[in-house]
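Inside the fold
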Amino acid sequence: KINTSLKEVQLSACQIRDTGLIAIAAALSINTTIQKIFLASNFFGISGTQALADAIEINSTLKLIDLSFCAIDNRGYFNLAHAYNRNTSLDSLKLNRCFMNEDTKEKLKKMNLRSGFDFD
């Protein structure tokens, strides 16, 4: 069944890993109503973040994605950053308090990311 009314999804701290994120990304790829998705405190590797990045690039409905406190593969941050910069309808991608190393933070700071790509 196709969602026509749900605007916000809360999936924080649900122990979601790559397989789950790939399924969520597939749904977001065809999403036309969900505007906010909260996926904080989960564990994502490169395959999950790549699937999400691919979905971000084609989704024109999402306004906010919260991935705060997630354990993410370092390459995943860059995939998400590139996708965020390509999607001008997404206002905020939160990566606060993720377990990001200092080298990754410095490289992201140099990427000239749009406002709303939040990490610390």
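Residues numbered from 1 in each chain as written. Predicted model: local features only at pLDDT ≥ 70, side-chain atom pairs only at ≥ 80, totals over all residues. Heavy atoms only, no water.

A few words on the side chain of Thr33. Summarising the element assignment, Thr33 is placed in the loop between helix 1 (18-29) and strand 2 (36-38). Taking relative accessible area as the criterion, Thr33 reaches 10% and is therefore assigned buried. One polar contact links the side chain of Thr33 to the main-chain carbonyl oxygen of Leu6, over a distance of 3.2 Å. Residues within four places of Thr33 in sequence aside, it is in contact with Asn3, Thr4, Ser5, Leu6, Lys7 and Thr61. (Helix = DSSP H or I, 4+ residues; strand = E, 2+ residues; numbered from the N terminus. Buried < 20%, exposed > 50% of the residue type's maximum accessible area, 1.4 Å probe, protein only. Polar contact = N/O pair within 3.5 Å; in protein donor to acceptor, adjacent residues only side chain to side chain. Contact = heavy atoms within 4.5 Å.)

Our focus in this paragraph is the packing of aromatic side chains. Applying the stated rule across the entire model yields two aromatic pairs. When the centroid spacing of 5.7 Å and the interplanar angle of 50 degrees are considered together, the rings of Tyr84 and Phe117 count as tilted. Highlighted residues: Tyr84 in helix 3 (residues 74-86) and Phe117 in strand 7 (residues 117-119), separated in sequence by 33 residues. When the centroid spacing of 5.9 Å and the interplanar angle of 65 degrees are considered together, the rings of Phe117 and Phe119 count as edge-to-face. Residue Phe117 is classed as buried on the basis of its relative accessible area, which comes to 7%. Given a relative accessible area of 19%, Phe119 falls into the buried group. (Phe/Tyr/Trp six-rings, centres within 6.5 Å; stacked < 30°, edge-to-face > 60°.)

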